[in-house]
Amino acid sequence: MNPALLTTVQVVVVVTFAPLATGVVRRVKAFLQGRHGPPVLLPYWTLLTLMRKEMVLSTSTSWVFRAAPYVVLATALLSAAVLPLVARGGIAAPLSHMVVVAGIWMLGAVFLVLAGLDSAGAFGGMGSSREMTISAFLEPALIVTLASFALASGSSTVDGMLAIGGRGLLSRPWVLPALASLGLIALGENARYPVDNPATHLELTMVHEAMVLEYSGPYLALMELASMVKLAVFALLLVNIVLPAGLLTTATGIVALAAAPLVTAVKLGAAMVLLALVESSMAKLRFYGLPEYFFGSLFLGLTSLALGLFAGWL
Amino acid sequence: MTAAGLASVGLVAAALFSAIAALAGLAGRSRAARRLHHAAMIAGPVAGLGGSFVFLAWRVAPLSLGASPLLFHAPLVVDRLSAFFLLLLHAVSLMASWFGAKYTEDEQDTYPPRLVLPLTAVFVLSMQGVLLSSGVASFLLFWEAMSLSAFFLVMADGEEDSRKAALLYLAIAQFGAGALIVGSGILGAGSLFATFDTLATSVGLLSPGASTLAAVLVVFAFASKAGLAPFHAWLPEAHPRAPSHVSALMSGAMLKVAIYGLLRFTSVCWPDLPAAWGTSLLALGLATAMVAVIYANIAREIKRILAWSSVENIGLVFTMFGFQLLLRREGWPVLADAAQAAMFMHLLAHALFKSGLFLGAGAVMHGAHTGKLEMLGGQANRMPRLSVAVLGLCLAGAALPPFGSFVAEWMLLQAALTSLGTRNAHVVIASVAVLVGMAFVAGLAVFAMVRLFSFVFLAEPRSAQARAAVEPAGSLGRPIAGLAAAGLALGVLSPWMSPLFPVKLEVLGPSLSAGPPSSGPSGLWLAPALAAALAAALCLAWLIRRSPGSTLRTRRSHTWDCGQPIDATMEYTATGFSAPVRFFLRDIVRAEKHLVFRPVVPSNPWIRHGQMEFRKAGGILGRLYFPVARLIEDVGGWLKQLQNGVIQFYIALILATLLLTLWVAL
C-alpha cells in the first residue's frame, strides 16, 4: 500500500474513533461507580452541538486565545499522523523521531497554557501553572523512557521502536520498567488520574479543564477533539507496543484496509476499559505530591536504560 | 571582482564604518553627527554581513586583510571559524543598530548619547577586531577594549545599582583578562607578540605542566567571560542594566566572541586536550544550565530572565563543546562532528533569538515604562505586531519545533542517543547525563519562556502604565520581527544552511543498531519536512473549524469569575505561576519565605492583612564570592599584625630578610 495512503488512513481512523474512546472510558467508569452513565456516542453529539453553538470570547483575551485551538488541534493531529497507531511505515513515519514527538507534544502544551493564561481568570492561571509544571517535569522522564526503547530497538524513531513490540519485549525484559514509565507519562500528559481529574466538579482541582474554561462553541470543540485525539494516540501507542498485531504496512493489501477500523476499535476499547479500571482504583494525587510521580517515572526509565546498557555489555 | 576580493572589501568596510560611527558618536550633541553615526552603524554590519556571507558561501581560502604597526604587525586574518562568528556578530549588530537608531534618540534622557553612541561603536569595532586578530597582542588589545566599552555601557544610566553591577562585571572581566594575559605569556614563552601560527609551534616546546597551567588560565578566562558557573555571577547583574540594544549585543554577540576565543585557542594550542577536559566542561556546562534555568523561572524582571536564560544557553554550549571533545578523544569522530555541528547551530540560534528578545524587552519597556512582570500584561492587545514577533522568539528560546534552536537540540540528542551504542563507559555515562540534563533544562526553559511571554503580553494589564502602552514604532518592531524570521528560517531551511557553518551540519540517522555509526544520509531534511507537516496539520485544523454546519457567530463578554466582574487583581501572578518550580526544587533554590499577618480589628484575629515576602538566600555571591572575599580579608587582617609600629621588630624583619636572601643566594 502507498505510504501516503497509510498515513491518511491512520489520521482518518484515529480522529474518527477518538470521541468513541472518550465515550467508552466515561461509560465504563460510570459502570464501575454503580451509575448508569452517558451513552458511548455522546462525545460525537457534544462536538457537533458545540460546532453549531454561538461562541463567547472574553474581552480580556487576545489573538493568542483565538490561535491556540488551531495549534493545539494541529499538534494532536500531527502526532496522530507520525506515530505508528494504525499503520507502520507511513509517509510521515520518519518524523516520529522521539525528539520531534516530544517537541510536538510540548508545542501543543505551550499553546494550551498560553490560552489558559490569556483569559485573565484565576482558574485559567492555576490550570496553566500546573499543566506547565507537569509538562516540564515529565520531559526528562519522556526522553529517558523513549531512549530506553531506542536502545532496545536500535532506532530513535517511535515507528522503528515497534520492532521490539509484543514478543520482542519478552526477549528484552529490561524494557518493561520503561513501558511502565510510558504508562505513567501517558496518564500525566493526558490529564488523567492520578495527576488530574477529568470529571471533577471543582475548578480548584482541575488542570486541563481549568485551562479551557473560557472556551465555548467551535473553539471548545477543537480543544475537546484535540484532547480526545491525544488520549487515543497514547492509548493506541501503548497497546501497539504490547501487541503490535493488525497494523497496516506497505506490504499489506487493500483488503486489510477494511479490517483496520475494526482492529483499532478493539484496541482502543481494551485500552479504555483498562484506563477506567486504573482510574477507578486510585485516588488523585495531591498536586504537591507529584514530584514523586515525576521522579518515579524518570527512575523507571533510567532503570531500563541502565539495565539495557549492562545487557549490551554482557 | 573575485569572491575573496568582495569578502575582504566587505569586512574592511565593516570595521571602517564602525570607526566612523565611533568618531561621529563623539559629537553626539549634534543631530547631523548622530544621523551619520546611525547610518554608519547600519552600513557597517550590512557590509560585514555581505563580506562574511561571500567568504563562507563561496568557500574562500583563509584571507589576510593587511597588517598595521598599530596592531603590532600581526595581520588581520579571516578563516572559516572567524567568518562564521563575523556573520553572527554582524547579523546581531545590524538588527541592534537598526533598533538603536530610534531607541537611543527616544531614550536620550536615560542614556546620554555622547556616552552611549561612541561606546557602542567601539564595542562593535572591538568585537570585529577580536574576531579578525591573528596576533595575541592585538587579540588582547581588542579583548580589553571590548570589556571596557561594555563596562561603561552597563552603567550608562548612572544609577547606583548599575554602577555596582558594572563594577562586579569589571572585576570578573579583569580577573579573566589577567588570566588570559598570563596564559598567553606562558604560551608565547614570555612574549605577547606571537601570532596564532607561531603559538602552535611554541606550545610544543612547553613542559606538560606549563602547558596545562596555560590551558587552565586560558579556559578560565573565556569561561568567565562567557558566563560559565561559578564565574557567571556578573552576567545576570550586568546584562539587564545596559541599554536594550547593547544588552542584545552583549548576550547575542559578546558571549559568542568569548566562545570564539575558546575555540580559537584550544584548536591552535591544544588540539589534543585529554578527555577529562571534555568531561569536566560537560559537567560544568550542564550544572550551569540546570541552575540558571531554575533562576530564569524565579526572576521577575524581563531582562533579568533573559540574562539567566543566556547563562543557561552558554551552559548548553559548554555541554556540547565538552561532549564533542570527549567523543573525539575516545575515538568517535563522526559522533564528535555531530555534537560540534549542534554547538555551532545552537550558537547561531541563540544569538538570533536572544538578541531579538532583548530588543523586544526594550520595545516593551519603552512603551510600558516598566520591565516588571507583575506590572505588565495585556500587551498582545496593545502591541499585536510586536507580540507575534516576540512569541516567535520565545518559542525559539524554548527550543520548540520548527525553530533553529530545536534543530540544534535535536542534533545533540541524536548524537547522545547514538553514543549509547559505543560500549565505552566514559562516553555512555556522559551521554546519559546529556540526555537527562538536556531534557530537564529543555522542560524548564519552556516554562521560563512561556512565563515571560504570558505575563508581558497576555490577559489584563496589571498597572496603569501597562494599560496605556501602545504599539512601538515600526523601526523598533521590524528588527525584532526580522530576528524572529531569521530564527525560524534557520530551522526550516537548515539543510541549506551548511555552507554558512565552519562544520558540516547533520542530524545523524535514526539507527542505533549499526554499532559504530556511519556517516550515512543526513537526517537534516526532516526539519523542513516537519515544518511542512506542521503547516499541513494547521490547515487541517482550520478545515475542521470551518466544516459545514459550524457557526461563525461570536459574542464578546468578560471572563467568568463566579459572578463577579473581573479585573487584573484576580489574575495569576508571575510569582504564583512558577511557585511549583520553587517548591519542587526548594533544596536548590533555598528561598526564604516570610509571612506577616496583621489583624484588621485587634479583637478578631481571623480577618487580617497578609504580607508575603520571598528572599533568595544569597545566590552564588553569598555562597561563594563573599566567603572567599572574607577569607582574603581575614588573611590580610592577620598579616597586618606585622605592621605593629615597633621599630625593633621592623629591624628584625629586615635582618631576617637579609639572612634569608643570603642563604638562598649562596
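Everything quoted here is computed from the prediction, not taken from an experiment. (Residues numbered from 1 in each chain as written. Chains lettered and ligands numbered in written order. Predicted model: local features only at pLDDT ≥ 70, side-chain atom pairs only at ≥ 80, totals over all residues. Heavy atoms only, no water.)

A closer look at the domain arrangement of chain B
Accessible area lost upon the coming together of the parts serves often as the stated size of an interface. Counted only if it meets this: The source of the domain bounds is an automatic or database domain assignment.
For chain B, the domain assignment lists domain 1 (272–375 + 389–512 + 523–536 + 572–584) and domain 2 (623–665). If you average the C-alpha positions of domain 1 of chain B and of domain 2 of chain B, the two centres end up 50 Å apart.

Remarks on helix H12 (residues 290–313) of chain A
This is how it is decided: Each helix corresponds to a stretch of at least 4 residues labelled H or I by DSSP, and each strand to a stretch of at least 2 residues labelled E; elements are numbered beginning at the N terminus. Here, expected helix span is obtained from the residue count minus one, scaled by 1.5 Å. Classification of residues uses two cut-offs on accessible area relative to the type maximum, computed with a 1.4 Å probe and protein chains only: under 20% is buried, over 50% is exposed, and between them is partly exposed. Contacts were defined at the residue level, with two residues in contact if any of their heavy atoms lie within 4.5 Å.
Compared with the 34 Å implied by 1.5 Å per residue over 24 residues, the 35 Å span of H12(A) between its first and last C-alpha is a close match. Taken together, the buried positions of H12(A) are occupied by A:Leu290, A:Pro291, A:Tyr293, A:Phe294, A:Ser297, A:Leu298, A:Gly301, A:Ser304, A:Leu305, A:Gly308 and A:Leu309. Where the residues of H12(A) are buried, they touch helix H5 (122–153) and helix H8 (176–189) of chain A together with helix H17 (425–457) and helix H22 (579–584) of chain B.

A look at the layout of surface pockets
Put simply, the rule reads: Only protein atoms enter the 1 Å grid used here. Points where a 1.4 Å probe fits but cannot escape make up a cavity, open sets with protein on both sides within 12 Å along at least five of seven lines make up a pocket, and a residue lines them when an atom lies within 4 Å of a point. Grid points are joined across faces, edges and corners, and a volume is the space filled by probe spheres set on the points. Side-chain classes follow a simple rule in which Ala, Val, Leu, Ile, Met, Phe, Trp, Tyr, Cys and Pro form the nonpolar group, Asp, Glu, Lys and Arg form the charged group, and the remainder, Gly included, forms the polar group.
The volume enclosed by the largest pocket comes to roughly 1300 Å³. For the largest pocket, the lining is made up of 42 residues, of which B:Pro240, B:Arg241, B:Glu301, B:Arg304 and B:Lys372 are closest to its centre. Among the elements of the structure, helix H6 (160–187), helix H9 (235–238), helix H12 (302–329), helix H13 (333–368), strand E5 (604–616) and helix H24 (619–640) of chain B are those that each provide at least two residues to the lining of the largest pocket. With four residues, the top contributor of residues to the lining of the largest pocket is H6(B). The volume enclosed by the second largest pocket comes to roughly 710 Å³. Lining the second largest pocket are 36 residues, with A:Arg26, A:Arg192, A:Pro198, A:Glu209 and A:Ser227 sitting closest to its centre. Residue assignment for the lining of the second largest pocket shows that the elements contributing at least two residues are helix H1 (3–32), helix H3 (63–82), helix H4 (98–118), helix H9 (208–211), helix H10 (217–242) and helix H11 (256–280) of chain A. Within the lining of the second largest pocket, the residues separate by chemical class into 15 nonpolar, ten polar and eleven charged.

Focus on the side chain of B:Thr559
Counted only if it meets this: Polar contacts, as used here, are pairs of N or O atoms within 3.5 Å; protein pairs need one atom able to donate a hydrogen and one able to accept it. Residues neighboring in sequence count only if both atoms are side-chain atoms.
With respect to the helices, strands and loops of the structure, B:Thr559 is situated in the loop between strand E3 (554–557) and helix H21 (574–577). Polar contacts involving the side chain of B:Thr559 include one to the side chain of A:Ser58, which spans 2.6 Å. In terms of polar contacts, B:Thr559 uses its side chain to reach the backbone carbonyl oxygen of A:Ser119, at 2.6 Å. Excluding anything up to four places from it in sequence, B:Thr559 contacts A:Ser58, A:Ser60, A:Ser119, A:Gly121, A:Glu214 and B:Ile566.

Topic: a nonpolar patch on the surface
All names here are of chain B. Quick note on the threshold: The patches described consist of residues with a relative accessible area above 30% and no salt bridge, like charges being joined within 9 Å and nonpolar side chains (Val, Leu, Ile, Met, Phe, Trp, Tyr) within 5 Å. For every accessible area listed, the method is Shrake-Rupley and the probe measures 1.4 Å; residues are considered covered only by the protein chains on display. Salt bridge, as used here: a side-chain nitrogen of Lys or Arg that lies within 4 Å of a carboxyl oxygen of Asp or Glu.
A cluster of nonpolar residues, Leu631, Val635, Trp638, Leu639, Leu642 and Leu653, forms a patch on the protein surface that exposes about 600 Å² of accessible area. If you tally residues by element for the nonpolar patch, the top one is H24, at four residues. Within the secondary structure, Leu639 is located in helix H24. Overall, the relative accessible area of 44% leaves Leu639 in the partly exposed class.

Considerations on the environment of B:Lys225
Residues and elements named next belong to chain B. Within the fold, Lys225 resides in helix H8 (residues 208–226). With 50 residues separating them along the chain, Lys225 and Phe175 place their C-alpha atoms 9.8 Å apart. Separated by 2.9 Å, the side chains of Lys225 and Ser147 make a polar contact. Polar side-chain contacts of Lys225 include one of 2.7 Å to the side chain of Tyr169.

Concerning the packing of aromatic side chains
Rules: Centre distance within 6.5 Å is the pairing criterion for rings of Phe, Tyr and Trp, where only the six-membered ring of Trp is used; planes under 30 degrees apart are then read as stacked, over 60 as edge-to-face, and the remainder as tilted. Placement of a charge over a ring requires the Lys NZ or Arg CZ to be within 6 Å of the ring centre, with the centre-to-atom vector within 35 degrees of the ring normal.
Tallying each qualifying case throughout the model produces 38 aromatic pairs over all chains. With centroids separated by 5.4 Å and ring planes inclined at 90 degrees, the aromatic side chains of B:Phe196 and B:Phe265 adopt a geometry described as edge-to-face. Highlighted residues: B:Phe196 in helix H7 (residues 196–202) and B:Phe265 in helix H10 (residues 244–269), separated in sequence by 69 residues. Exposure remark for B:Phe196: the relative accessible area of 7% places this residue in the buried category. A ring pair is formed by B:Phe447 and B:Phe577, whose centres lie 5.1 Å apart and whose planes are at 55 degrees; its orientation type is tilted. Of this pair, B:Phe447 sits in helix H17 while B:Phe577 sits in helix H21, and the two are 130 residues apart along the sequence. Aromatic ring contacts, followed pair by pair, group A:Phe137, A:Phe287, A:Tyr288, A:Tyr293, A:Phe294, B:Phe583 and B:Phe584 into a single cluster. Taking NZ or CZ as reference, A:Arg130 lies 5.5 Å from the ring centre of A:Phe287, over its face. Sitting over the ring of B:Phe597, B:Arg608 keeps its end group 3.9 Å from the ring centre.

Things to note about the interface of chain A and chain B
Here is the rule: By definition, the buried area sums, over both parts, the 1.4 Å-probe accessible area that each loses when the two are put together.
Chain A puts 78 residues into the contact, and the matching count from chain B is 77 residues. For the pair chain A and chain B, the summed buried area comes to about 6800 Å², and 75% of that belongs to carbon and sulfur atoms. Across the chain A-chain B interface, the total number found is one salt bridge. Across the pair A:Glu54 and B:Arg555 runs a salt bridge, and its minimum N-O distance is 3.1 Å. For the side of chain A that touches chain B, the leading source of residues is H5(A), giving 17 residues. When grouped by side-chain class, the residues that make up the side of chain A that touches chain B number 52 nonpolar, 18 polar and eight charged.

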